[in-house]
Amino acid sequence: MVVRFSKVALVAAIGLLALVITVNNLQDPSSNFLYIQHVMSMDTTFPDNRLLWRAITAPTAHWAAYGVLVGTEGAIATLCLLGAFQLLKAVKEPAQAFDRAKGVAIAGLTLAFLFWFVGFMVVGGEWFAMWQSEIWNGQQPAFRFIGCVGLVLLFLNAAEQDLQR
């Protein structure tokens, strides 16, 4: 039972993290929007790099990307919190029922992993060369999120008998 409650708590924790990030981005759009604007504009990368053709300086594109970012974070929060609730409802059920209840949580955790990996490491980090910026490089925070989410996803999917050996 402890393993199941641990899985519920960890999925809920990722949901809470995504919820707080979403609320922060909604309550303080101006400063958080600046991050998107600078990364996409590539205005703090190495001045003579050959990747500057990738820069997107249109404010409309920046706002669209910001909307996708906040919307995805909200979806992660919703899926993970709903998934944790479904797991909690099945916590005393047989193993098969508990496993069936994992679907929404797995979807939320997978979306979170893909969001921070693809969005921040691949698109921001490599496509827009965010790694070159001393000011707007979000790869380290993204990597921490990827690590936490990845561990929770693995733990959630581990069979309980494997964890008790």
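Described below are features of the structure shown in this document. (Residues numbered from 1 in each chain as written. Predicted model: local features only at pLDDT ≥ 70, side-chain atom pairs only at ≥ 80, totals over all residues. Heavy atoms only, no water.)

1. A word on the nonpolar core
Right, on to step 1. The biggest cluster of nonpolar side chains holds 40 residues, and the ones touching the most others in it are Val11, Tyr35, Leu69, Leu87, Leu109, Trp116 and Phe120.
Right, on to step 2. Tallying contributions element by element places helix H3 (residues 59-89) first for this core, with eight residues.
Right, on to step 3. Residues in contact with Leu109, not counting those within four places in the same chain, are Val11, Ile14, Cys80, Val149, Val152, Leu153 and Leu156. (Core = buried A, V, L, I, M, F, W, Y, C linked by side-chain atoms within 4.5 Å. Buried < 20%, exposed > 50% of the residue type's maximum accessible area, 1.4 Å probe, protein only. Helix = DSSP H or I, 4+ residues; strand = E, 2+ residues; numbered from the N terminus. Contact = heavy atoms within 4.5 Å.)

2. Focus on helix H2 (residues 29-41)
Right, on to step 1. Its 13 residues place the ends of H2 17 Å apart at the C-alpha level, agreeing with the 18 Å of an ideal helix rising 1.5 Å per residue.
Right, on to step 2. All of the buried residues in H2 are Phe33, Tyr35, Ile36, His38, Val39, Met40 and Ser41.
Right, on to step 3. On its buried side, H2 packs onto H3 and helix H5 (103-127).
Right, on to step 4. Where H2 ends, the next residue or the one after it, Met42, has phi of about 55 degrees, a positive value. (Expected span 1.5 Å × (residues − 1).)

3. Regarding the environment of Phe5
Right, on to step 1. Note on placement: Phe5 falls in helix H1 (residues 2-27).
Right, on to step 2. Along the primary structure Phe5 and Leu87 are separated by 82 residues, whereas in three dimensions their C-alpha atoms are 8.6 Å apart.

4. Quick look at the packing of H5 against helix H6 (residues 139-157)
Right, on to step 1. With their axes 9 Å apart at the nearest point, H5 and H6 run at an angle of 155 degrees to one another. Here H6 runs roughly antiparallel to H5, going by the angle between their axes. The way H5 lies across H6 gives a crossing that is left-handed. The segment H5 lies against H6, with Ala105, Ile106, Leu109, Thr110, Ala112, Phe113, Trp116, Phe117, Phe120, Met121, Gly125 and Glu126 engaging Gln139, Ala142, Phe143, Phe145, Ile146, Val149, Gly150, Val152, Leu153, Leu156 and Asn157. (Axes fitted to C-alpha atoms, helices over the stretch in contact; angles between N-to-C directions. Parallel < 35°, antiparallel > 145°, perpendicular 65-115°, else oblique. Left-handed = near helix turned anticlockwise from the far one by under 90°.)

5. Re the packing of H2 against H3
Right, on to step 1. Where H2 meets H3, the axes come as close as 9 Å, and the angle between the chain directions of the two elements is 120 degrees. Note that H2 runs across H3; the crossing there is right-handed. Taken together, the residues of H3 that come into contact with H2 (itself represented by Pro29, Asn32, Phe33, Ile36, Gln37, Met40 and Ser41) are Pro59, Ala61, His62, Trp63, Ala65, Tyr66 and Leu69.
Right, on to step 2. When its residues are assigned to classes, the contact of H2 with H3 shows ten nonpolar, four polar and no charged. (Nonpolar A, V, L, I, M, F, W, Y, C, P; charged D, E, K, R; others polar.)

6. A few points about unusual backbone geometry
Right, on to step 1. You will see that Met42, though not glycine, has its phi angle at about 55 degrees, which is positive.
Right, on to step 2. You can see Met42 is positioned in the loop between H2 and H3.
Right, on to step 3. Even without being glycine, Ala129 reaches a positive phi, approximately 50 degrees.
Right, on to step 4. Mapped onto the fold, Ala129 is located in the loop between H5 and H6.

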